[in-house]
Number of protein chains: 2
Amino acid sequence: MKVGFIGLGIMGKPMAMNLMKAGHSLKVYNRSKGAVKELVALGAEEAISHGDAAVGVDALITMLPDSPDVKSVMIGEEGVVNYAKKGLLYIDMSSILPEVSKEVGSALKEKGIDMLDAPVSGGDLGAIAGTLAIMAGGEKSAFQRALPLFKAMGSSYVLVGPLGSGNTAKLTNNMIVAGNIAILSEALMLCKESGTDLTKVLDAIRGGSAGSAVLETKSPKILKKDYKPGFKIDLHIKDLKNAQITGGKLGLHMPITDLTSSLYETLSKEGLGEMDHSALFTYFENMHHEKNS
Amino acid sequence: MKVGFIGLGIMGKPMAMNLMKAGHSLKVYNRSKGAVKELVALGAEEAISHGDAAVGVDALITMLPDSPDVKSVMIGEEGVVNYAKKGLLYIDMSSILPEVSKEVGSALKEKGIDMLDAPVSGGDLGAIAGTLAIMAGGEKSAFQRALPLFKAMGSSYVLVGPLGSGNTAKLTNNMIVAGNIAILSEALMLCKESGTDLTKVLDAIRGGSAGSAVLETKSPKILKKDYKPGFKIDLHIKDLKNAQITGGKLGLHMPITDLTSSLYETLSKEGLGEMDHSALFTYFENMHHEKNS
């Protein structure tokens, strides 16, 4: 398939590379040109603008930081919508507000362009390995057209529901991950300050009702104080904010998300925004030291 | 082994039965006599008091509601300490304050009685099936003496550390479980009110970083509104309170536990204390209805 790809960051670049490895031909656009050059060296075509990335391709993928980026690139003044032809398949793999997916999708629908929102989980390692979990929203026919591309980038791909529901699933996922990290940190602090061997406690509880992917993947980082990302605190804050905006409009009460979001904000203000989200443990350590010094 | 057993409640009765099935002979005491009669019918000896349950046995097990019960039964005025002989192995399998385990243990130590604190997870179903996870604190020699008994009641048994650390592990476990249930509930409400199919979202996220034992075991209950316990809200409140007391003395900051504990308190005050702890989801539903009615 000929695929336009906009947004060659930590996630986007390896995703685009996996598409090329799977035999798709790429036309790429990125604001900073380093990643573009790398992909051109591998045989990709360089688009001269984001609008141009949508010209002469079967599908267009965007992997951008947040909702305003997707909106401006797709339906802004110089947006892709002015360049793309009827019949294009558009897949936004950014993690953005579900309502913005719907807004962009309906503007594109008028031009005969089908859109999927298909955010991913699995981080940069999953992007490099081609093992991302892809949560898609949109029409079944569009999902089926996208499958050859999803197979090149991910190891699981689920059509959750209509447009926007991919991002709803992603917000759900990231709310749970943040909450699970927060309570894991709090509980491990109780062990640590009780003078109890964390490794043995983890062995005693991991197979039971306290077991989780977060416990398995984040406890070793906490024990080693290895807060290299992984998933950065500032990105998690963005997702939690999008969850709060989405929940707010639905009139939801989200006290755990409000709390974890504020704890992460504290760390970000202290300059730790680029660290792995498991560094939330240091918040509890610092609070303990402050309270007891 | 000849085993005294005090406390034949929802957990204690099936645990005692599994000891008998494994060939141990039991001497049992319980305040209400129904369970005693059942065990006597199976061949157990009836003790005339809790003190008597410790006489003529190799090991004594208690399975009681909370710290004050263990303290009074063991080191109160008519406490076991006045009846038990040197060399007895005492195993408290109640979930209590780690500091009370230590206090009881040191009073018994003076009489030459070794104590383990060995709380369990797995609920009444695990107690019946003999598949409890046992988290023990105490001396290694005492742990090894207890192994034939643990094997009859559980499928995993870990010596976490010195006396009290079994209960520290249990508090850690139950803090994590409560926090994981709270954020799962909050996140599923976001899906539900977004009009997104919960089953499909769960399929999309369960294999990734949001996956957990709580998600696997509690989501089906939430989807079916089946809040039959399982693990009762009032018991979880007790454990969270013990975590708060323990953390408070250590000068810890435990905002997630404080929050989840207060949410469970709200439900208990509304008369839902006997429901499964997954009924926390109804708190978020009710808050949503109140806010939007």
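These numbers were taken from a predicted model, which means no experiment stands behind them. Every chain is numbered independently, its residues counted from 1 as its sequence is written. Just so you know, chain letters begin at A and ligand numbers begin at 1, following the order they were written in. This being a predicted model, a pLDDT of at least 70 is required before a residue's local features are given, and a value of 80 or more before pairs of side-chain atoms are given or counted; all residues contribute to the totals for chains, interfaces and linings. Heavy atoms throughout the structure, all of them, feed into the side-chain values; hydrogens and water do not.

Peer 1: Mind showing me how you'd approach the overall build of chain A here?
Peer 2: A run of DSSP states H or I qualifies as a helix once it reaches four residues; a run of E qualifies as a strand once it reaches two. Both are numbered from the N-terminal end. Along chain A, the regular secondary structure elements total 12 helices and 9 strands. The C-alpha extent of chain A, read off along each of the three principal axes, is 65 × 45 × 35 Å. Note on exposure labels: buried denotes an accessible area under 20% of the residue type's maximum, exposed denotes more than 50%, and partly exposed covers the range between, all computed with a 1.4 Å probe on protein chains only. Here chain A holds 293 residues, and 59% of them are scored as buried. Note on contacts: a residue pair qualifies if any of its non-hydrogen atoms lie within 4.5 Å across the two residues. Residue pairs at least 24 apart in sequence account for 66% of intrachain contacts in chain A once pairs closer than 6 positions are excluded. Only the protein chains shown count as cover for residues, and the accessible areas themselves come from Shrake-Rupley with a 1.4 Å probe. When the accessible surface of chain A is totalled, it reaches about 11,100 Å², and 55% of it is carbon and sulfur. Positive charges come from Lys and Arg alone, negative charges from Asp and Glu alone, with His and the N- and C-terminal ends not counted. Lysine's charge is taken at NZ, arginine's at CZ, aspartate's at CG and glutamate's at CD. Within chain A, one finds 31 positive and 32 negative side-chain charges whose respective centroids are separated by 4 Å.

Peer 1: I tried to follow the interface of chain B and chain A on my own but got confused; where do I start?
Peer 2: Reports of interface size often rely on the accessible area that becomes lost once the parts have come together. Opposite the 59 residues of chain B that make contact, chain A presents 59 residues. Summed over both partners, the accessible area lost on bringing two parts together, with a 1.4 Å probe, is the buried area. Together chain B and chain A conceal approximately 5,100 Å² of surface at their shared face, both sides included; 70% is due to carbon and sulfur atoms. N or O atoms closer than or at 3.5 Å make up a polar contact, with two conditions inside protein: a donor-capable atom paired with an acceptor-capable one, and, for residues adjacent in sequence, both atoms drawn from side chains. Counting every contact that joins chain B to chain A gives 14 residue pairs in polar contact (both at pLDDT 80 or more). Taken together, the elements giving at least two residues each to the side of chain B that touches chain A come down to β9 (154-161), α8 (165-193), α9 (198-205), α10 (213-224), α11 (233-249), α12 (255-272) and α13 (280-291) of chain B. At 20 residues, the largest contribution of residues to the side of chain B that touches chain A is made by α8 of chain B. For the side of chain B that touches chain A, the per-class residue count stands at 33 nonpolar, 20 polar and 6 charged. Gly is placed with the polar residues, together with every amino acid not listed as nonpolar (Ala, Val, Leu, Ile, Met, Phe, Trp, Tyr, Cys and Pro) or charged (Asp, Glu, Lys and Arg).

Peer 1: In this structure, what is going on with the relation of the copies chain B and chain A? I would like to understand it.
Peer 2: Relating the two copies of this chain is a rotation about some axis coupled with a shift parallel to it. In superposing the copies, a least-squares fit is computed on C-alpha atoms, taking residues whose pLDDT is at least 70 in both. Of the transformation placing chain B onto chain A, the axial shift is 0.0 Å and the rotation is 180°, giving an RMSD of 0.0 Å. The transformation just described matches what one would write down for a two-fold rotation axis. Among all residues of chain B, the one whose C-alpha sits closest to the rotation axis is S212 of chain B, at a distance of 1.9 Å.

Peer 1: Explain helix α4 (residues 67-75) of chain B here, please?
Peer 2: Since there are 3.6 residues in each turn of an α-helix, residues three or four apart along the chain are aligned in direction. Residue and element names in this part refer to chain B. If you check which residues of α4 are buried, you get S67, V70, V73 and M74. The buried residues of α4 occupy one face: seen down the axis, they fall within an arc of 140°. For α4, the elements touching its buried residues are β1 (2-6), α3 (50-53), β4 (59-62), β5 (89-92), α5 (98-109) and α11. To obtain the arc, one takes the directions from the helix axis to the C-beta atoms.

Peer 1: What am I meant to see in the UniProt feature "active site" (unreviewed entry) in chain A here?
Peer 2: Residue and element names in this part refer to chain A. UniProt positions are given in the numbering used here, feature names are shortened, and annotations may be inferred rather than shown by experiment. According to UniProt, the "active site" (unreviewed entry) feature falls on K170. Here K170 is to be found in helix α7 (residues 165-193). Since its relative accessible area comes to 7%, K170 is described here as buried. If we ignore the near neighbours within four places in the chain, the residues touching K170 are S95, P119, V120, S121, M135 and D239. For K170, the side chain forms a polar contact with the side chain of S95, separated by 2.8 Å.

Peer 1: So what exactly am I meant to see when it comes to the confidence of the model for chain A here?
Peer 2: Note that predicted coordinates carrying low pLDDT should not be read in detail. Confidence along chain A averages 96 in pLDDT terms, with 100% of residues attaining 70 or more. Interface confidence for the predicted complex, expressed as ipTM, amounts to 0.94; the pTM equals 0.94. For every residue, the pLDDT score states the predictor's confidence, bounded by 0 at the bottom and 100 at the top.

Peer 1: What should I look at first to understand unusual backbone geometry in this one?
Peer 2: The general pattern is negative phi for most residues beyond glycine and trans for most peptide bonds. Residue and element names in this part refer to chain A. In this model, P229 is joined to G230 through a cis peptide bond whose omega is 5°. Position of G230 among the secondary structure elements: in the loop between α9 (213-224) and α10 (233-249). Backbone geometry places K225, a non-glycine residue, at a positive phi of 50°. Note that K225 resides in the loop between α9 and α10. Judged by its relative accessible area of 56%, K225 falls in the exposed class.

Peer 1: Please clarify how the pattern of salt bridges should be interpreted in this entry.
Peer 2: Once their charged atoms are close, side chains differing in charge can pair, the charge on each being opposite to the other. A pair is scored as a salt bridge if a Lys or Arg side-chain nitrogen falls within 4 Å of a carboxyl oxygen belonging to Asp or Glu. For the structure on display, the rule yields 32 salt bridges over all chains. Of the charged contacts, one joins R206 of chain A and E216 of chain A as a salt bridge, the two residues approaching to 2.9 Å between their closest N and O atoms. In this pair, R206 of chain A is assigned in the loop between α8 (198-205) and α9 and E216 of chain A in helix α9, connecting sequence segments 10 residues apart. Look at R206 of chain A and you get partly exposed, because its relative accessible area is 32%. By relative accessible area, which is 36% here, E216 of chain A ends up partly exposed. Here K2 of chain B ties to E45 of chain B by a salt bridge, and the two come within 2.8 Å at their closest N and O atoms. With K2 of chain B in strand β1 and E45 of chain B in strand β3 (residues 45-46), the pair connects residues that are 43 residues apart, well separated along the chain. With relative accessibility at 36%, the residue E45 of chain B sits in the partly exposed group. In the salt-bridge network here, residues are joined through shared partners; they are K109, D114 and R145 of chain A.

Peer 1: For this particular structure, what's the right way to read the domain arrangement of chain A?
Peer 2: All names here are of chain A. What marks off one domain from the next here is an automatic or database domain assignment. Split into domains, chain A comes out as domain 1 (2-162) and domain 2 (168-292). The interface is formed by 15 residues belonging to domain 1 together with 13 residues belonging to domain 2. With both chains or domains summed, domain 1 and domain 2 bury close to 1,000 Å², and 55% of this area falls on carbon and sulfur atoms. Put simply, domain 1 and domain 2 have 1 salt bridge between them.

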